[in-house]
Amino acid sequence: MTSSRYCVRCGRPENPEEPLINGYCSDCYIDHVGLFDAQPVLSVTICSRCGSWYYKGRWWEPLSFEDIIRRLFLDWAEKHLTDGVELVEVEHVGKPVSRGHGWYDVVLSLSIVLVNNAVRRRDIDVRFKLTKTVCPRCLKKAGKSFNSLVQFRSTRGYLTEEEKSYIREKLSAHGIAEEVVEIIENRQGIDVKMSDHTVARRLAGIVSRERSAHVKETFKLRRYDPGRGRKEGVITLSVRLHDIAPGMVMEYEGRPCVVIGVRRGRVLVEFLDNGETAEFSIDLFWRGLLRRNEKLVRGGEYTVVGYDSSMLYLVNDETGEIVEYPRLVNLNTVKVGDKFVSYRVADKTYMVRKRGGGDG
Ligand SMILES: [Zn+2]
Ligand SMILES: [Zn+2]
C-alpha cells in the first residue's frame, strides 16, 4: 500500500512507520519547530579546592565534568523542550572550547523521540559560564589552623592500597571530614592535619579499634596563653597498623611460631617445636612479647610419604630427598600426601603443616 500524503516542506512521501506530524516528516518537523524554545546556556559553579559543585541551592560531591554538564543540561532541557519532542538521553558530552572570560562552548549529542515515535540523534551547541570558587566547607577549613596531626603508618613500612582506601573512607566520614584541614600522602603513609583534638583522638580510636592499631600521642607546645592559663600546641597521634599475616614467622618467649590466622585483634599461631596452637592478643605484639623472628629461614616444601608411631617420613618436593621428623602429638592426624613446609633456625629444622585457604 502506498501512502497518499507528502511532507509539506520537503515533499517526501509519508513513511508508514513515522506518520507525518502536522504535515511534516520527522526531520522537517525538528527543523521547523526546533528542539528547544531557547539557546541552551548553563552556569557551572565548581569549588577549585575540592571539586564539589553547586546545584539547586547546595554543594554536591565532586563529579566528572561530563556528568556535571549532563545533569545541568537535563535540568535546563526539562523546562525548554519543544512540544512533541522528548529527550531520551545525553549520549555524549564533547570537549569544552574556551571562548574567554569564563565562557565555554561544548557539543552535546542527544537522542530524542518525537510524538510519532521516531528516534533521532542531534548534536547541539551548549554555552556555559564556568565559575570557580571556594565552597563553604573549604572556606571554613582555610580559616582554620590545625592543632592535631594524625600519622598513619604500618609496621610494614608502607601502607597497602587497601589500607589507604580504608583510611580515606574514615576521613570522609561525617563528624570527621569537617575537621580535616589537610591530607598529605607520602611514601611512609598518610598524614592528616586536623583542627580539633577530640575529633583527631576519635579518628585514631576508631582505627585502633577496627584494625588493632597502636596509638601513641605526643604533645608539642606552641605557645602558652597566660591570659587563659592554657598551653596551646599540636598533638601528634601516631597510628601504627600491624602487618601480621598468615605464614609470618614470629617468636613468643623464645619459641618460634608461625601465624596461621589473624582475626578481631587476635593472632592464632602454631609453635614450631611441638606443633601446639595458641591464640594471642595483638596487644602482645605491640608490647614486644610476640615479635617477628628474623633469623628463621623458610625452607623447602615436603609431602608425607609414610609414618609409624613415632616418625613421619617426608619427601622434599624439589630434590626428592627423604627426611624423618618426630611425630609430635598434634601430628597424629597426618595422612600420606599431606604437605609440609620446613623452617630452619640456626641448626634446628622444624616441619610445619601447610594450611589451605579455609584452614586455621
Ligand atoms: Zn520533510
Ligand atoms: Zn570545596
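Residues numbered from 1 in each chain as written. Chains lettered and ligands numbered in written order. Predicted model: local features only at pLDDT ≥ 70, side-chain atom pairs only at ≥ 80, totals over all residues.

All right, on to the overall build of the protein then. In terms of regular secondary structure, the protein is built from six helices and 22 strands. Counting only C-alpha atoms, the protein reaches 105 × 80 × 30 Å along its principal axes. (Helix = DSSP H or I, 4+ residues; strand = E, 2+ residues; numbered from the N terminus.)

Before going further, it helps to examine helix 1 (residues 26-33). When helix 1 is considered as a whole, its buried residues turn out to be Ser 26, Tyr 29 and Ile 30. Along the axis of helix 1, the buried positions cluster into a sector of 100°, meaning they face one direction only. Considering only its buried residues, helix 1 is in contact with strand 6 (103-114) and strand 7 (119-133). (Buried ≥ 20, exposed ≤ 12 C-beta atoms within 10 Å, placed from the backbone. Arc of directions from axis to C-beta. Contact = placed C-beta atoms within 7 Å.)

The domains assigned to the protein are domain 1 (26-136), domain 2 (144-241) and domain 3 (249-353). The C-alpha centroid of domain 3 is placed 39 Å from the C-alpha centroid of domain 2. (Domains from an automatic or database assignment.)

Spatial ordering of the open sheet is given by 9-10-8-12-11, a layout of five strands whose pairing is mixed. Every interior strand has two partners, whereas the edge strands, strand 9 (180-185) and strand 11 (214-225), have only one. Ignoring strand direction, the axes of neighbouring strands in this sheet form an average angle of 15°. Direction of pairing for strand 8 (residues 148-154) relative to strand 10 (residues 190-194): antiparallel, over a ladder of five bridges. When the sheet's bridge partners are listed, Ser 148 is paired in strand 10 with Met 194. (Pairing = 2+ DSSP bridges. Axes fitted to C-alpha atoms, helices over the stretch in contact; angles between N-to-C directions.)

Right, let's talk about the pairing of strand 7 for a bit. Sheet topology places strand 1 (residues 41-47) next to strand 7; seven bridges connect them, and they run parallel. Residue pairing for strand 7: Leu 42 is matched across the bridge by Phe 128. As defined by bridge partners, strand 6 adjoins strand 7 across 11 bridges and the pair is classed as antiparallel. For Ile 112, the partnering residue across the bridge sits in strand 7 and is Arg 120. Counting the residues that bridge the hairpin from strand 6 to strand 7 gives four residues, and of these Asn 117 lies at a positive phi of roughly 75°.

Here Lys 335 lies in the loop between strand 20 (322-326) and strand 21 (339-345). Residue Lys 335 is classed as exposed on the basis of its C-beta count, with 7 C-beta atoms lying within 10 Å. Sequence separation between Lys 335 and Val 305 is 30 residues; the distance between their C-alpha atoms is 8.5 Å.

The next thing to look at is the sheet that holds strand 15 (residues 266-271). Strand order in the open sheet made by the five strands is 16-15-14-13-17, with antiparallel pairing throughout. Each edge of the open sheet carries a strand with a single partner, namely strand 16 (277-281) and strand 17 (290-292). For this sheet, the mean inter-axis angle between neighbouring strands, taken without regard to orientation, is 40°. With five bridges connecting them, strand 15 and strand 16 associate as antiparallel partners. Residue pairing in the sheet places Arg 266 in a bridge with Ser 281 of strand 16.

Attention now goes to the environment of Glu 276. Here Glu 276 shows up in the loop between strand 15 and strand 16. Sequence separation between Glu 276 and Asp 67 is 209 residues; the distance between their C-alpha atoms is 58 Å.

The phi dihedral of Lys 56 is positive, around 50°, even though this residue is not glycine. Examined against the element boundaries, Lys 56 turns out to sit in the loop between strand 2 (53-55) and strand 3 (58-60). A residue is classified by how many C-beta atoms lie within 10 Å of it, and Lys 56, with 8 of them, is exposed. Unusually for a residue other than glycine, Asn 117 sits at a positive phi of about 75°. Turning to its location among the elements, Asn 117 is positioned in the loop between strand 6 and strand 7. Note on Asn 117: 10 C-beta atoms within 10 Å, which makes it exposed.

Looking now at the confidence of the model for the protein. Detailed conclusions should not be drawn from predicted coordinates in areas where pLDDT is low. Per-residue pLDDT for the protein averages 89, and the proportion of residues at 70 or more is 97%. At the low end of the mean pLDDT range in the protein sits helix 3 (residues 136-142), at 76; at the high end sits strand 8, at 97. (pLDDT = per-residue confidence, 0-100.)

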